[in-house]
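# Remarks on the overall topology
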Amino acid sequence: MSYRTAARFFDPTGARYGIPTWPWRMAPPHLLTRRQLAARGLRPGGQEIAGQVLWRSRRYNAPGGVRVAYLYDVRLALPKRTPTAAQRAALAKALKARRICPECGTDAGYVLPRRLGVCLDCADAWENAS
């Protein structure tokens, strides 16, 4: 990143962008992104965005070629919630239902493709019958 770009995105008071803003890798250590919080077993916990990091990118079609990552204060973050046994059971049941072929009724061992709606064996059999 050039010094010109770093100076363009350096606004710790929020006067220019409305919220405190830093260039890539220059944010204070107590401000983290959602992914960084998740890596530490934390979540924002309803707090407002504490700042943002801006950087230029040609990789994606971002407006003006500028990308943003919102920052949250780690001191206000809460621990991640753990699912209950009932929630885990419901999730397992839902995931299993996505593997059951409605045509032959077998567990395919993989999530059925939505475009086919059936397992690959049934789709091949239907294709060959046509």
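What this report covers is the structure whose coordinates are included nearby. (Residues numbered from 1 in each chain as written. Predicted model: local features only at pLDDT ≥ 70, side-chain atom pairs only at ≥ 80, totals over all residues. Heavy atoms only, no water.)

### With respect to unusual backbone geometry
Positive phi values are uncommon outside glycine, yet R25 reaches one of about 65°. When you line up the elements, R25 lands in the loop between β1 (21-23) and β2 (31-32). The exposure class of R25 is exposed, given its relative accessible area of 73%. (Helix = DSSP H or I, 4+ residues; strand = E, 2+ residues; numbered from the N terminus. Buried < 20%, exposed > 50% of the residue type's maximum accessible area, 1.4 Å probe, protein only.)

### Topic: the pattern of salt bridges
Tallying each qualifying case throughout the model produces two salt bridges. D73 is the salt-bridge partner of R75, the closest N and O atoms lying 2.9 Å from each other. Residue R75 is classed as exposed on the basis of its relative accessible area of 60%. Here R99 ties to D107 by a salt bridge, and the two come within 3.2 Å at their closest N and O atoms. According to the relative accessible area criterion, R99 is partly exposed, its value standing at 25%. (Salt bridge = Lys/Arg side-chain N within 4 Å of Asp/Glu carboxyl O.)

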